[in-house]
Amino acid sequence: NLVLAVQIQKAMNALWPNLARPITLRTSRFNQQLTTGSLLVEIGCHGNSLQEALRGARCFARAAAQVLLPLQ
């Protein structure tokens, strides 16, 4: 799952440098370990407007598709 997260982040950084924050590794578990390819993605924060978060979600979706579609 970490490899997938890094690939998506690289794709995002290639399209929009510095848009994504660094990947955070934690000891907390949010069930991502239960399935290969599971990720917890947080988009936006308390300082973002809804419109900014929606634009960020579209950017993430584009980068994720760029990584995931070739895997089919």
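Residues numbered from 1 in each chain as written. Predicted model: local features only at pLDDT ≥ 70, side-chain atom pairs only at ≥ 80, totals over all residues. Heavy atoms only, no water.

## Some remarks on the overall build of the chain
So, point 1. When its secondary structure is counted, the chain shows 2 helices and 0 strands.
So, point 2. Projecting the C-alpha coordinates of the chain onto the three principal axes gives extents of approximately 30 × 30 × 15 Å.
So, point 3. The buried share of the chain, taken over its 72 residues, is 17%.
So, point 4. Of all intrachain contacts in the chain linking residues separated by at least 6 positions in sequence, the fraction that spans at least 24 positions is 58%.
So, point 5. For the chain, the exposed surface amounts to about 5,800 Å²; the carbon and sulfur share of it is 56%. (Helix = DSSP H or I, 4+ residues; strand = E, 2+ residues; numbered from the N terminus. Buried < 20%, exposed > 50% of the residue type's maximum accessible area, 1.4 Å probe, protein only. Contact = heavy atoms within 4.5 Å. Areas by Shrake-Rupley, 256 points an atom, 1.4 Å probe, with all protein chains shown as cover.)

## With respect to the side chain of Q9
So, point 1. Structurally, Q9 is set in helix α1 (residues 2-15).
So, point 2. Apart from residues lying up to four places away in sequence, Q9 is in contact with A20, R21, P22 and I23.

## Some remarks on the nonpolar core
One recurring pattern in soluble globular proteins is that nonpolar side chains are buried together.
So, point 1. L4, I8, A11, M12, A63, A64 and V67 together form the largest nonpolar core, which totals 7 residues.
So, point 2. Those elements that place two or more of their residues in this core are α1 and α2 (50-68).
So, point 3. Looking at which element gives the most residues to this core, the answer is α1, with 4 residues.
So, point 4. Non-local contacts of L4, meaning those with residues more than four positions away in its chain, are made with G37, L39, V67 and L68. (Core = buried A, V, L, I, M, F, W, Y, C linked by side-chain atoms within 4.5 Å.)

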